[in-house]
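Analysis of the macromolecular model
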Amino acid sequence: MRLDVGIGEIVMASVKKSNTKKIVWAVIAVILVIAIVVGIMLIQSSKNKVDVSLTTISTDSIVQTVSSTGEVSSGLKKEYSAGSVATVKEVFVKVGDEVKKGDKLATFDTSNLDTQVASLSVSYNDALKSYNTAVENQKAAKEQLVVINSALDEINAEIAELESKGVKKTPVASNSYVIVESADAVAYSAPSTYAEGSGGIGDIIGGGSGGSGGIGDIIGGGGGSSSSDATQQFQEQIDELIQTIQELQESIDGINARIDELSKQLEALAAAANQIDPNSIKMTALQIEHTGLTAQKEIYSILAQGNTVSTQKQVVNTTKQALDTVSTAQKSLSQGWTADFDGTITACNITSGGQTTALEKAITLENMDTRVVTISLGEYDVHKVKVGMKARVKTAYGSYEGEVATIAPTATGGNSSSVMDSVGSMAGISGLSSLTAQGAGVECTVLVSDPDEFIIIGFNADVEITTGTYNDVPCVPIESIILEKDGTYVYVYDEEEGTVTKTAITTGATSDTSYEIKSGLSVGQKIVTTPQTNYEEETFKVRVVDKVSN
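About the thresholds
- Residues numbered from 1 in each chain as written.
- Predicted model: local features only at pLDDT ≥ 70, side-chain atom pairs only at ≥ 80, totals over all residues.
- Heavy atoms only, no water.
- Core = buried A, V, L, I, M, F, W, Y, C linked by side-chain atoms within 4.5 Å.
- Buried < 20%, exposed > 50% of the residue type's maximum accessible area, 1.4 Å probe, protein only.
- Helix = DSSP H or I, 4+ residues; strand = E, 2+ residues; numbered from the N terminus.
- Contact = heavy atoms within 4.5 Å.
- Salt bridge = Lys/Arg side-chain N within 4 Å of Asp/Glu carboxyl O.

**Quick notes on the nonpolar core**
Core analysis: the biggest nonpolar cluster contains 30 residues, and Leu105, Trp337, Ile350 and Ile363 have the highest contact counts within it. Elements with a contribution of two residues or more to this core: strand E4 (87–91), strand E6 (104–109), helix H2 (111–164), helix H9 (307–335) and strand E11 (361–377). Dropping the residues within four chain positions of it, Ile350 is found in contact with Val88, Val91, Ala106, Phe108, Trp337, Thr356, Glu360, Ala362 and Ile363.

Printed below as a string of structure tokens:
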């Protein structure tokens with residue numbers, strides 16, 4: 001053994017040992033820091049995750065139903081109503097009587113109804129005749145409008161041609177046409193041959209009674225009249241002329257005859273009074289003729305519109321409906337009422353020698369051996385229900401088998417659909433809309449198979465109709481679904497990523513607990529059992545807090 005180790009070697013060994021310890025402690029410190037950072041990150045990540053429970057999609061059976069509540073009544077019921085006022089001869093039944101099919105119930109005196117039917121028949125035939133006349137008048141008016149429009153087109157073309165030659169339209173004064181361009185035009189004298197004639201416009205106004213010679217006399221200064229007097233008289237004559245035309249508008253034939261005559265006289269005037277521009281006279285004649293035709297057009301337009309036809313048609317329909325109603329009542333009452341089937345009289349509101357009313361339910365006959373429940377189907381459920389489907393009827397006293405007996409062809413009880421039907425359909429409850437002021441429902445009757453004394457007429461009963469059975473179909477629990485305006489969604493779990501994603505699905509049949517899956521999900525996939533409605537992202541990290549349920 002060597003004993004003579006130097007002091008330097010001892011010192012070096014001591015230094016090496018000290019450095020090794022420092023390195024070890026540094027490594028340990030780094031590891032601790034990393035562990036702390038990782039731990040903080042894991043804690044932070046855990047805090048950001050949403051706690052969820054999961055459900056695995058599997059197959060199941062769905063029994064789809066439609067539920068509603070209705071009133072119990074007898075299976076066969078007939079309400080006898082007179083539909084009119086009549087005298088009751090004799091009543092053969094009272095409340096509680098048992099009757100057989102064909103038994104007499106009541107007889108009536110229909111003499112007043114006979115008179116009403118005869119009177120209404122006359123009214124109906126008259127209305128029908130007026131309607132046919134209105135239709136013919138409408139057709140003729142349309143044809144005349146074609147003729148008048150063609151004539152107006154020709155007149156407008158002639159007026160346009162005169163205007164192109166510098167002839168001005170006659171100005172309007174005091175709602176009358178003035179056929180001269182200025183008062184000075186009437187100061188010229190017309191030829192005496194025309195002035196002495198008897199065919200002036202004044203004669204037309206006077207109806208051909210041999211007046212004072214007409215406008216020719218005025219223009220010629222007959223009787224020593226001054227120019228100003230002539231102008232005033234001329235204006236008065238024109239005013240009378242226009243008044244006559246306005247009166248003639250009330251008669252289409254009269255308008256045509258007078259306009260033709262007026263045109264001839266104006267042409268004669270233009271030929272005789274060469275001092276007055278013939279084109280101005282022609283322009284005035286065209287304007288007057290245009291006015292007359294326009295008046296005719298307005299009359300024919302009213303006839304062609306069909307307002308009269310529509311009104312007459314309404315009168316025909318009203319009188320026909322009244323005639324049919326009274327005739328039906330007359331026929332029914334003249335034969336008397338007999339029982340349509342075996343049953344019990346449950347109401348009798350008429351007496352011998354009394355009077356019926358139009359709306360009164362006089363006698364009610366019911367077969368008490370059968371029971372039906374009448375329910376209302378909403379628009380989202382009526383297409384699911386078919387006659388013959390099985391149903392279960394529940395009352396306060398028991399449960400009964402039943403079957404859908406009838407479904408009405410139209411909806412009643414409202415004027416528009418209701419969102420309540422949509423909500424009720426999701427819950428398997430039909431007819432909620434019929435409970436609202438706006439909702440309408442389709443009447444459906446369910447026949448109770450084996451009724452007993454505990455299912456009482458007049459009480460309500462709950463009805464559940466089986467509309468379909470679907471076996472071994474993929475199903476999703478109702479609580480796992482989120483219903484939104486644009487579709488139906490679930491949150492699908494991705495096990496590798498530890499996330500869930502909002503996914504659209506299509507559903508089919510429904511039950512109280514689940515929906516059939518048509519698309520968007522497959523058997524074996526996992527979804528959030530009860531998703532919240534306030535998730536901010538469509539895909540996010542989750543922490544599964546319990547076992548996956550099946």
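**Some points on the pattern of salt bridges**
Here the structure, examined in full by the defined rule, presents 12 salt bridges. In this structure, Arg543 and Asp51 form a salt bridge, with 2.6 Å as the shortest nitrogen-oxygen distance. Of this pair, Arg543 sits in strand E21 (residues 539–544) while Asp51 sits in strand E1 (residues 50–52), and the two are 492 residues apart along the sequence. Here Lys361 makes a salt bridge to Glu79, at a shortest N to O gap of 3.6 Å. You can see Lys361 sitting in strand E11 and its partner Glu79 sitting in strand E3 (residues 58–81), a full 282 residues away along the chain. Lys361 sits in the partly exposed class, given a relative accessible area of 46%. Overall, the relative accessible area of 31% leaves Glu79 in the partly exposed class. Each of Lys77, Glu79 and Lys361 takes part in a single network of salt bridges with overlapping partners.

**Considerations on the environment of Gln321**
Assignment of secondary structure puts Gln321 in helix H9. Each C-alpha atom, one on Gln321 and one on Tyr124, is 9.5 Å from the other, the two residues being 197 residues apart in sequence.

So, to be careful, I would describe these as geometric facts and stop short of saying anything about function.
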